[in-house]
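Chain residues, written in single-letter form:
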Amino acid sequence: MTIAQGEARPLTRASLIQIEYIAVPASLTDYVTTFYHFRCDEPEIKEIQPAGVGHLTLFPCGQGAMHFPGGRKDPAHRTNLLTPSTAASPFEMAGPFHAIGASMSPLGWAALTGMDASKHANRLLDAAEWLGRDIGVLGEELCSAYIDGSLDGTACAMRLADYIGDHLRPVNSRHAQLIRLTGQWLGESIHPPIESLYERSSYSKRQVQRLVERYFGVPPVALKRKYRGLRAAALLSLPNLTPEFEAKVYDAFYDQSHMIREIRLFAGRTPARLGNEDHPYLTEMLDPKNFREIGMGSQDLI
């Protein structure tokens, strides 16, 4: 059972959702931004996944679907690849719904999957069809162990960590350096100059555009736009944001209506609903700790 996309049902309430973040082993910090354990035992769950990086994730409990730009609707699987996304994606699940997964950095996505982020963006895929039979077998084993109580969320996440570590493939060293430079560039401000990215790379402007699109899903101008919207949403959701920093966020957009449209596109909310205690999933997903791939962590990064 899933909830029809056209039904105007409210998003799931704060008190009904639990999200636990699980530390990434030191050997994987370049490849995984965080492990997580999501739990909601309601019969119906409706939420919005902000635009972001790719995930390898288990759904031991729950059935449903995710909606993507262009009207695409992908069903959920036991073991999933949520590919890098270019816009916020609503999802509806028949619960209880539990998820255990890894949020992959752009380098980690490339090393684990080898998939071009631009060609495979905005999808929820059966991981076994893209990574091979082993992950399907492991996913079924972990989901069964989780359901019968022999493994908890943290133990399952660490088994996923072992799988990821054993299946990482080398990424061209110059490409990896460009990925790091791009993350640093994005982390410098909410509105970094495009030319500063080109200037710090040994590649030509055209090559930078092509490679950034391959590893991040969109070319630099669109990538900057995406993270401007996400960072604005994250910062405006902070309860202690000072008026000075709030003004700097607004200054990154043409006007207030432009900011609202951009935040809605990438975060799935309007600024008035950011940080709403009734919608914890978005609040958690927009926490600065979830932007480690671009070095975001404080108001100083506006």
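Residues numbered from 1 in each chain as written. Predicted model: local features only at pLDDT ≥ 70, side-chain atom pairs only at ≥ 80, totals over all residues. Heavy atoms only, no water.

Visitor: I'd like to hear about the environment of Q18, residue by residue, with values.
Guide: Mapped onto the elements, Q18 comes out in strand β1 (residues 18-22). Owing to a relative accessible area of 46%, Q18 belongs among the partly exposed residues under this scheme. Spatially, the C-alpha atoms of Q18 and C40 are 6.5 Å apart, while their sequence positions differ by 22 residues. Among residues more than four places away in sequence, those in contact with Q18 are H37, F38 and R39. (Helix = DSSP H or I, 4+ residues; strand = E, 2+ residues; numbered from the N terminus. Buried < 20%, exposed > 50% of the residue type's maximum accessible area, 1.4 Å probe, protein only. Contact = heavy atoms within 4.5 Å.)

Visitor: How would you sum up the confidence of the model for the protein chain? Please name residues and give values.
Guide: Mean pLDDT for the protein chain: 88, with 86% of residues reaching 70 or above. With pLDDT under 50 throughout, residues 1-8 is counted as low confidence; its partners more than four residues away or in other chains account for 15 contacts. (pLDDT = per-residue confidence, 0-100.)

Visitor: Can you break down the packing of helix α5 (residues 173-187) against helix α7 (residues 205-216) residue by residue, with the values?
Guide: Closest axis-to-axis distance for the α5/α7 pair is 10 Å, and the angle between their directions is 85°. One way to sum up the angle between α5 and α7 is to call them roughly perpendicular. Residue-level inspection shows H175, L178, I179, T182 and G183 of α5 in contact with α7, the latter providing V208, L211, V212, R214, Y215 and F216. In terms of residue class, the contact of α5 with α7 is made up of seven nonpolar, three polar and one charged. (Axes fitted to C-alpha atoms, helices over the stretch in contact; angles between N-to-C directions. Parallel < 35°, antiparallel > 145°, perpendicular 65-115°, else oblique. Nonpolar A, V, L, I, M, F, W, Y, C, P; charged D, E, K, R; others polar.)

Visitor: Residue-level account of the nonpolar core, with values.
Guide: Counting residues in each nonpolar core, the largest one holds 29 residues, and the members touching the most others are V32, F35, L56, L81, I135, Y163 and I164. Listed by contribution, the elements that provide at least two residues to this core are β2 (32-40), β4 (55-67), β7 (89-104), α1 (106-113), α2 (127-131), α3 (133-148) and α4 (153-167). The dominant element in this core, judged by the number of residues it contributes, is α4, at six residues. Here L81 is in contact with H55, L56, W109, T113, M115, R123, L124, L125, A127, W130 and L131, once residues within four sequence places are set aside. (Core = buried A, V, L, I, M, F, W, Y, C linked by side-chain atoms within 4.5 Å.)

Visitor: Which residues make up the state of the cysteines, and what values go with them?
Guide: Applying the stated criterion across every chain yields a total of zero disulfides. Not part of a disulfide, C156 finds its nearest cysteine sulfur in C143, a span of 7.4 Å. On the basis of relative accessible area, C156 is assigned to the buried category, the value being 0%. (Disulfide = S-S within 2.5 Å.)

Visitor: Give a detailed account of the packing of aromatic side chains, specifying residues and quantitative values.
Guide: According to the stated counting rule, one finds three aromatic pairs in the structure shown. Ring geometry for F38 and F97: centres 5.3 Å apart, planes at 50°, overall tilted. Here F38, found in strand β2, pairs with F97, found in strand β7; they are 59 residues apart in sequence, far enough to count as distant. The class for F38 is buried, based on a relative accessible area of 3%. Centre to centre, the rings of F59 and F97 are 5.0 Å apart; their planes meet at 90°, and the pair counts as edge-to-face. (Phe/Tyr/Trp six-rings, centres within 6.5 Å; stacked < 30°, edge-to-face > 60°.)

Visitor: Got a sec to walk through the pattern of salt bridges? Specific residues and values, please.
Guide: Applying the stated criterion to the full structure yields eight salt bridges. Across the salt bridge formed by R123 and D74, the nearest N and O atoms sit 2.7 Å from each other. One end of the pair, R123, is in the loop between α1 and β8 (124-126); the other, D74, is in strand β5 (residues 73-75), with 49 residues separating them in the sequence. Since its relative accessible area comes to 24%, R123 is described here as partly exposed. As a salt-bridge pair, E244 and K248 come within 3.9 Å of each other at their nearest N and O atoms. Here K248 and E244 lie together in helix α9 (residues 243-251), a separation of four residues that amounts to about one turn. Look at K248 and you get partly exposed, because its relative accessible area is 38%. One salt-bridge network, in which partners are shared between bridges, spans R225, R228 and E262. (Salt bridge = Lys/Arg side-chain N within 4 Å of Asp/Glu carboxyl O.)

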